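Structural description and commentary
Here is how the chains run, residue by residue.
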Amino acid sequence: MMRKSDITRKTNETEIAVSFSLDGKGQADINTGVPFMDHMLDLFIKHGQFDGRIHANGDTHIDDHHTTEDIGIVLGQAVLEALGDKKGLRRYGNAFVPMDDALAQVVIDCSNRPHLEFRGDIPNAKVGAFDTELVHEFLWKFALESRMNVHVIIHYGRNTHHIIEAVFKALARALDEATMIDPRVEGVPSTKGLLT
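These figures come from a predicted structure and were not determined experimentally. (Residues numbered from 1 in each chain as written. Predicted model: local features only at pLDDT ≥ 70, side-chain atom pairs only at ≥ 80, totals over all residues. Heavy atoms only, no water.)

Running from N to C, helix α2 (residues 65–83) and helix α3 (residues 133–146) cross one another at 30 degrees; their axes reach a closest spacing of 7 Å. One way to sum up the angle between α2 and α3 is to call them roughly parallel. For the crossing formed where α2 meets α3, the hand is right-handed. When α2 is examined against α3, the residues His-65, Thr-68, Glu-69, Ile-71, Gly-72, Ile-73, Leu-75, Gly-76, Gln-77, Val-79 and Leu-80 are found in contact with a partner set consisting of Leu-134, Glu-137, Phe-138, Lys-141, Phe-142, Glu-145 and Ser-146. (Axes fitted to C-alpha atoms, helices over the stretch in contact; angles between N-to-C directions. Helix = DSSP H or I, 4+ residues; strand = E, 2+ residues; numbered from the N terminus. Parallel < 35°, antiparallel > 145°, perpendicular 65-115°, else oblique. Left-handed = near helix turned anticlockwise from the far one by under 90°. Contact = heavy atoms within 4.5 Å.)

Attention now goes to the pairing of strand β7 (residues 115–119). Only one face of β7 is buried: it carries Leu-116 and Phe-118, and the other face, with His-115, Glu-117 and Arg-119, is open. Direction of pairing for β7 relative to strand β10 (residues 149–156): parallel, over a ladder of five bridges. From the neighbouring strand, Phe-118 faces β10, where its bridge partner is Val-152. (Buried < 20%, exposed > 50% of the residue type's maximum accessible area, 1.4 Å probe, protein only. Pairing = 2+ DSSP bridges.)

As a further point, take the sheet that holds strand β4 (residues 51–58). In a beta sheet, neighbouring strands pair by backbone hydrogen bonds and run either parallel or antiparallel. In spatial order, the strands read β1-β2-β4-β3; together these four strands make up an open sheet with mixed pairing. One side of each edge strand has no neighbouring strand; the edge strands of this open sheet are β1 (4–10) and β3 (28–31). Each strand axis lies, on average, 5 degrees off the axis of its neighbour in the sheet, ignoring direction. Bridge analysis of strand β2 (residues 14–21) against β4 gives eight bridges, and the strand direction is antiparallel. From the neighbouring strand, Val-18 faces β4, where its bridge partner is Ile-54. Those strands touched by helix α1 (residues 35–48) are β2, β3 and β4, and its axis lies near 165 degrees from that of β3. Against the sheet, α2 engages β1, β2 and β4, with an angle of about 30 degrees to β2.

Dropping the structure here:
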C-alpha cells in the first residue's frame, strides 16, 4: 500500500506544491522562501521518517505569514490524502523531544475532529527574521486540514530556536507513531466504524 499524495494550491498570495509519503526514509526537498521554515520542515521530514518535497513561492516581500499559513494548509491536506481510508491505523501518537534547555511534547489523534491545543510560551517574538507567532498559525492550519487533534505542550525552555525545533521534531515523531499500521487492528480504530 503506497501512502502518498501530491497537492498543489495557488492563490494570489502563494503557490504551494507538496509531494508527501508517510512511509519514507526521511528524504526531504524543501524550498519555501522562508529559511526558518525550510529548517523546521527539513527536520520534520527527517525525524518522522517521511519523504517530502515542499516548495513554495509567496509574497514574502510583505512578510512570511501567507506562505507559512498556506504550507500548513497544503501539508495538512497531503497528510490526510496519504492516510487514505485509515484502516489498520494506530491512530494515536505521543512524543516528547528535548532540545538542550527545551522540552516539548506533541500528542496526536487521527480522529477526523480537527483541533489544536497549544500550551506553553515561546519567549521571543522573532527568531532571526521569522515571526514566532507563525508557529501557532502553521500548526492550527495543519491540524485543521489534516483533520487531526494536535496537542502541543511546551514544558519548558529558554532558547526560542530550541523550543520551536523541539516542537517540530515532536510533531514529526508523534505523527509517525499515529500513522503507523498496526497489524492487530481490523478495519478502522474506532467503535463508530469510521474515521472520516
